[in-house]
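These are the residues of each chain, in order.
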Amino acid sequence: MPTTKFFKSTRKIIGAGVNYKEILRLTNAPKPEAPVIFFKPISSLLDGDPSSSGTPVIRVPRVFGGKINFEAELGVIIGKRCANVTADQAMSYIGGYCLALDMTGMDFIVNARPRGLPWCLGKGFDTSTPVSRYVTREELPDPVSVRVWCDVNGARKQDDTTANLIFPIAELISYTSRFMTLEENDLLLTGTPAGAGPVGPGDVIECGLGDGIVRMKCTVANEEEDS
């Protein structure tokens, strides 16, 4: 399935926050009682497949003062409509996968959290969700233990495996499906490993799944700059 078709048919982008065990260890935070779920708008999608669009450009909105955070993640693409599925059933509803970046206006998030305000403006800006080409189930037979890594300007920043998710893929699907129907080609972002941090104009982000399943490279520029 080409990325362009994925763009046209996706109706929901669902993110999972704080979902790697190493993040809890580094912050000395308790395990969440349930997955931390948020939404991103479809307009945030950016085609990260170089075969169809060249090197994608992530735009930093002027309101964020020139800095946004990178967060590399495994994306799960729902294969068929489901609601109220159990964790035992959940994996059968997966159509495929992708590599994704969940770009974040972290200053906005940090200010919103203690006041109990929504995250959407920090998560939903245009180009904030670059996604790779579609990865088939056959290409990724072991999604519950796949490496997720990210480099910035050639330096390794993130490197962990989905075996260390706090809430595994099946639990994320099951939990979310209790609250809403998941539809074909909905995108579920499973969370980012420890090491996420700020980038700004001129930075280059490279990330991947495993040692060569799929890779993605993006550049960062100011919102007002033309490509």
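Structure shown above.
Computed from a prediction, not measured in an experiment: that's the story for all the values here.

Colleague: Can you help me understand the pairing of strand β14 (residues 204-209) in this one?
Modeller: Where strand β10 (residues 147-152) meets β14, five bridges bridge the pair, whose relative direction is antiparallel. What sits directly across from Cys-150, in β14, is Cys-207. Relative to strand β15 (residues 214-222), β14 runs antiparallel, the two being bridged by six bridges. When the sheet's bridge partners are listed, Val-204 is paired in β15 with Thr-219. Between β14 and β15, which pair antiparallel and follow one another directly, the connecting turn spans four residues, one of which, Gly-210, has a positive phi of 65°.

Colleague: Before we go on, may I ask you to explain the pattern of salt bridges in this structure?
Modeller: Pairing is possible between side chains that carry opposite charge, provided their charged atoms lie close to one another. As enumerated under the stated definition, the model contains 14 salt bridges in all. One salt bridge connects Glu-183 with Lys-12, and the closest N-O pair in it is separated by 3.0 Å. Of this pair, Glu-183 sits in the loop between α7 (169-177) and β12 (187-189) while Lys-12 sits in the loop between α1 (3-9) and β1 (13-17), and the two are 171 residues apart along the sequence. A relative accessible area of 16% places Glu-183 in the buried class. Judged by its relative accessible area of 14%, Lys-12 is buried.

Colleague: Explain the packing of aromatic side chains to me, please; I cannot follow it from the model alone.
Modeller: Describing an aromatic ring pair means giving the distance of the ring centres and the angle of the ring planes. Scanning all chains against the criterion turns up three aromatic pairs. For the pair Phe-38 and Trp-119, a centre-to-centre distance of 5.5 Å together with 40° between the ring planes defines the contact as tilted. Within this pair, whereas Phe-38 is found in strand β2 (residues 36-40), its partner Trp-119 is found in the loop between α5 (106-112) and α6 (120-123), the two being separated by 81 residues in sequence. By relative accessible area, which is 7% here, Phe-38 ends up buried.

Colleague: Please clarify how the nonpolar core should be interpreted in this entry.
Modeller: Among soluble globular proteins, nonpolar side chains are generally buried collectively. Core analysis: the biggest nonpolar cluster contains 49 residues, and Leu-101, Met-103, Ile-173 and Ile-205 have the highest contact counts within it. Excluding residues that lie within four positions of it along the chain, Ile-173 makes contacts with Val-76, Ile-78, Val-85, Ala-90, Ile-94, Leu-182 and Leu-188. If you look at the next biggest cluster of nonpolar residues, it comprises nine residues, including Ile-77, Ala-100, Val-131 and Leu-187.

Colleague: Would you explain the layout of surface pockets in this entry?
Modeller: The volume enclosed by the largest pocket comes to roughly 360 Å³. Looking at the largest pocket, it is lined by 24 residues, and the ones nearest its centre are Ile-23, Glu-71, Met-106, Arg-113 and Thr-192. Sorting the residues of the lining of the largest pocket by element identifies β1, α2 (21-27) and α5 as the ones contributing at least two each. Considering every element that reaches the lining of the largest pocket, the biggest residue donor is α2, with three residues. Taken together, the residues of the lining of the largest pocket break down into 12 nonpolar, seven polar and five charged.

Colleague: I keep staring at the side chain of Asp-47 and nothing clicks. Help me out?
Modeller: Along the chain, Asp-47 falls in strand β3 (residues 45-47). Residue Asp-47 is classed as buried on the basis of its relative accessible area of 11%. A polar contact of 3.0 Å, which involves the side chain of Asp-47, links it to the backbone nitrogen of Asp-49.

Colleague: Please explain the sheet that holds β15 as it appears in this structure.
Modeller: Two orientations exist for strands paired in a sheet by backbone hydrogen bonds: parallel and antiparallel. Read across the open sheet, the five strands follow the order β4-β15-β14-β10-β11; overall the sheet is mixed. Every other strand in the sheet has two partners, leaving β4 (57-60) and β11 (155-161) as the edge strands with one partner each. Taken over all neighbouring pairs, the strand axes of this sheet differ in orientation by 20° on average, direction set aside.

Colleague: Explain α7 here, please?
Modeller: It helps to recall that an α-helix has 3.6 residues per turn; residues three or four apart then point in one direction. Burial within α7 is extensive, with seven of its nine residues counted as buried. Among all positions of α7, only Ile-169, Ala-170, Leu-172, Ile-173, Ser-174, Thr-176 and Ser-177 are buried. Structurally, α7 contributes buried residues whose contacts are with β1, β2, β6 (72-78), α4 (87-90), β7 (94-101) and β12.

Colleague: Sorry if this is basic, but what is going on with empty space enclosed by the protein here?
Modeller: It is a probe the size of a water molecule, rolled over the atoms, that shows where empty space is left. Following the criterion strictly, the structure yields one cavity of 30 Å³ or more and no others. In this structure, the largest cavity encloses a volume near 30 Å³. For the largest cavity, the full set of lining residues is Ile-14, Ile-78, Leu-172, Ile-173, Thr-176, Leu-182, Asp-186 and Leu-188. Class assignment for the residues of the lining of the largest cavity results in six nonpolar, one polar and one charged.

Calculation notes
Residues numbered from 1 in each chain as written. Predicted model: local features only at pLDDT ≥ 70, side-chain atom pairs only at ≥ 80, totals over all residues. Heavy atoms only, no water. Pairing = 2+ DSSP bridges. Helix = DSSP H or I, 4+ residues; strand = E, 2+ residues; numbered from the N terminus. Salt bridge = Lys/Arg side-chain N within 4 Å of Asp/Glu carboxyl O. Buried < 20%, exposed > 50% of the residue type's maximum accessible area, 1.4 Å probe, protein only. Phe/Tyr/Trp six-rings, centres within 6.5 Å; stacked < 30°, edge-to-face > 60°. Core = buried A, V, L, I, M, F, W, Y, C linked by side-chain atoms within 4.5 Å. Contact = heavy atoms within 4.5 Å. 1 Å grid on protein atoms, 1.4 Å probe; cavity = no way out; pocket = protein on both sides within 12 Å on 5 of 7 lines; lining within 4 Å. Points joined across faces, edges and corners; volume = space filled by probe spheres on them. Nonpolar A, V, L, I, M, F, W, Y, C, P; charged D, E, K, R; others polar. Polar contact = N/O pair within 3.5 Å; in protein donor to acceptor, adjacent residues only side chain to side chain. Axes fitted to C-alpha atoms, helices over the stretch in contact; angles between N-to-C directions.

Purely geometric numbers; function is a separate question.
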